[in-house]
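Read off the chains here:
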Amino acid sequence: MKRGKHSKLWHLFAGIACFAAAIAVVMCLWNAIIPGVTGWGGISYLQAAGLFLLTRILFGGHGPGHMGHWHNRWHDRREHTHMHEDMKGMSFNERKEYIRKRMCSMHEGEEHNGKRPSDPYTGDEQPGA
């Protein structure tokens, strides 16, 4: 039990440290670039925190279930590696068909402007539309 509590505490501490470091990076970059380019003044740490939070609100990266950009990239990379292993020894046409089927299964049921997604290779609408 204690190990779990310490792990949660460590994650909280690491998250706060990363947040504080990101704010410091925003402040340093702003103060190094913007005054020389635009003539505007430098910003304080609290102003950088506000700017950082504003960009997170405007451009995303928040909400329930959000694990973070790097977590999602790790899963994508792992899936990509499995896909390459599956395609070993396939001919070009077999690979093309494998990728087409895989993309169709990923987008199954999605509609874009009332149409099903098009084939990435031919641009033809998928069957079943």
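Residues numbered from 1 in each chain as written. Predicted model: local features only at pLDDT ≥ 70, side-chain atom pairs only at ≥ 80, totals over all residues. Heavy atoms only, no water.

K.L.:
Help me out: how do you make sense of the nonpolar core in this one?
P.N.:
In this structure, I23, I43, A48, A49 and F52 together form the largest nonpolar core, which totals five residues. Ranked by residue count, the leading element in this core is helix α2 (residues 45-59), at three residues. In contact with F52, other than residues within four places in its own chain, are F19, A22, I23 and V26. (Core = buried A, V, L, I, M, F, W, Y, C linked by side-chain atoms within 4.5 Å. Buried < 20%, exposed > 50% of the residue type's maximum accessible area, 1.4 Å probe, protein only. Helix = DSSP H or I, 4+ residues; strand = E, 2+ residues; numbered from the N terminus. Contact = heavy atoms within 4.5 Å.)

K.L.:
What am I meant to see in the environment of W40 here?
P.N.:
Looking at the secondary structure, you find W40 in the loop between α1 (2-38) and α2. Under the relative-accessibility criterion, W40 is labelled exposed at 53%. Spatially, the C-alpha atoms of W40 and W30 are 9.9 Å apart, while their sequence positions differ by 10 residues. Every residue in contact with W40, bar those within four places of it in the chain, is listed here: W30, I34 and P35.

K.L.:
It is not clear to me how a nonpolar patch on the surface should be interpreted in this structure. Could you clarify?
P.N.:
A cluster of nonpolar side chains, contributed by V25, L29, I33 and V37, occupies part of the molecular surface with about 380 Å² of accessible area. Structurally, the position occupied by V37 is in helix α1. (Patch = residues over 30% accessible without salt bridge, like charges linked within 9 Å, V, L, I, M, F, W, Y side chains within 5 Å. Areas by Shrake-Rupley, 256 points an atom, 1.4 Å probe, with all protein chains shown as cover. Salt bridge = Lys/Arg side-chain N within 4 Å of Asp/Glu carboxyl O.)

K.L.:
Explanation requested: the pattern of salt bridges in the structure shown.
P.N.:
As a working rule, side chains carrying opposite charge can pair if their charged atoms are close by. The tally for this structure, following the rule as stated, stands at one salt bridge. Between R100 and E97 there is a salt bridge; the shortest N-O distance is 2.8 Å. Residue R100 and its partner E97 are both found in helix α4 (residues 92-106); the two are separated by three residues, about one turn of the helix.

K.L.:
I would appreciate a short explanation of the packing of aromatic side chains in the present structure.
P.N.:
What characterises a pair of aromatic rings is the spacing of the ring centres plus the angle enclosed by the ring planes. In the structure shown here, the tally under the stated rule is three aromatic pairs. With a centroid separation of 5.9 Å and 40° between ring planes, the pair formed by W10 and F13 is classed as tilted. Of this pair, W10 and F13 both sit in helix α1, three residues apart, roughly one helical turn. The exposure classification of W10 matches that of F13, with both residues exposed. (Phe/Tyr/Trp six-rings, centres within 6.5 Å; stacked < 30°, edge-to-face > 60°.)

K.L.:
Teacher, can you tell me more about α2 here?
P.N.:
Since the α-helix advances by 3.6 residues per turn, residues separated by three or four positions end up pointing in the same direction. Taking 1.5 Å per residue, 15 residues should reach 21 Å; α2 reaches 21 Å between its end C-alpha atoms and fits that length. Among the residues of α2, those classed as buried are A48, A49 and F52. Along the axis of α2, the buried positions cluster into a sector of 105°, meaning they face one direction only. More than 90 degrees from the buried face of α2, the exposed residues found are L46, I57 and L58. Looking one or two residues beyond α2, the residue adopting positive phi is G60, at roughly 90°. (Expected span 1.5 Å × (residues − 1). Arc of directions from axis to C-beta.)

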